[in-house]
Amino acid sequence: MPDDMCGKAARSRRLRTYGAFMSSEALSVGLPAVIALVALMTLTALGARRRGRSVASSVLAGVFFPVAWTVWYLRDEHPYDRTAHRP
């Protein structure tokens, strides 16, 4: 059996073994995240449209606002840090 055939068989077996696990893992984590992001984009665009924005402006708001908010939230250093108010 040529060396090339052994390499292809091993690579194919490795892809069958790990490829299916990785794709199901990606689906179980990635799909809900994508669905949530699309829902947030849709609600943002519908809200902007309802408040009188044009269709183009609503679509831009729907795309950019959720992404910008998510980046800001993830980059915030202390999202739950509250200081005590002292008069």
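Right above here is the structure, for reference.
Here is what the cut-offs are and how they apply
Residues numbered from 1 in each chain as written. Predicted model: local features only at pLDDT ≥ 70, side-chain atom pairs only at ≥ 80, totals over all residues. Heavy atoms only, no water. Helix = DSSP H or I, 4+ residues; strand = E, 2+ residues; numbered from the N terminus. Buried < 20%, exposed > 50% of the residue type's maximum accessible area, 1.4 Å probe, protein only. Areas by Shrake-Rupley, 256 points an atom, 1.4 Å probe, with all protein chains shown as cover. Phe/Tyr/Trp six-rings, centres within 6.5 Å; stacked < 30°, edge-to-face > 60°. Expected span 1.5 Å × (residues − 1). Patch = residues over 30% accessible without salt bridge, like charges linked within 9 Å, V, L, I, M, F, W, Y side chains within 5 Å. Salt bridge = Lys/Arg side-chain N within 4 Å of Asp/Glu carboxyl O. Contact = heavy atoms within 4.5 Å.

### Describing the overall build of the chain
Working step 1: Check the secondary structure of the chain and you find 2 helices and 0 strands.
Working step 2: The buried share among the 87 residues of the chain stands at 8%.
Working step 3: A total accessible area of about 7,900 Å² is found for the chain, and carbon and sulfur atoms account for 66% of it.

### Observations regarding the packing of aromatic side chains
Working step 1: Scanning all chains against the criterion turns up 2 aromatic pairs.
Working step 2: Ring centres of Trp-69 and Trp-72 lie 6.5 Å apart, and the angle between their planes is 50°; on these two criteria the pair is classed as tilted. Pair noted here: Trp-69 and Trp-72 are both in helix H2 (residues 55-75), with a separation of 3 residues, about one helical turn.
Working step 3: Measuring from ring centre to ring centre gives 5.2 Å for Trp-69 and Tyr-73, while their planes differ by 10°; the resulting arrangement is stacked. Note that Trp-69 and Tyr-73 are positioned in helix H2 at a spacing of 4 residues, about one turn of the helix.
Working step 4: When its relative accessible area of 29% is taken as the criterion, Tyr-73 is described as partly exposed.
Working step 5: Taken together, the ring pairs in this structure connect Trp-69, Trp-72 and Tyr-73 into an aromatic cluster.

### Things to note about the environment of Leu-37
Working step 1: Tracing the sequence through the fold places Leu-37 in helix H1 (residues 3-50).
Working step 2: Given the relative accessible area of 33%, Leu-37 is considered partly exposed.
Working step 3: In this structure, the C-alpha to C-alpha distance between Leu-37 and Val-63, residues 26 residues apart in sequence, is 9.4 Å.

### Regarding H2
One turn of the α-helix equals 3.6 residues, which is why residues spaced by three or four share an orientation.
Working step 1: Taking 1.5 Å per residue as the helical rise, H2 with its 21 residues ought to reach 30 Å, and the 30 Å between its terminal C-alpha atoms agrees with that figure.
Working step 2: Along H2, the residues classified as buried are Ser-58, Gly-62 and Pro-66.

### Notes on a nonpolar patch on the surface
Working step 1: There is a patch of nonpolar side chains on the surface, built from Val-55, Val-59, Leu-60, Val-63 and Phe-64 and spanning about 460 Å² of accessible area.
Working step 2: Note on placement: Val-63 falls in helix H2.
Working step 3: With relative accessibility at 36%, the residue Val-63 sits in the partly exposed group.

### Describing the side chain of Ser-58
Working step 1: Take Ser-58: it is sitting in helix H2.
Working step 2: On the basis of relative accessible area, Ser-58 is assigned to the buried category, the value being 3%.
Working step 3: In contact with Ser-58, other than residues within four places in its own chain, are Ala-45, Ala-48, Arg-49 and Arg-53.

Such coordinate-based values are descriptive only and should not be taken to indicate function.
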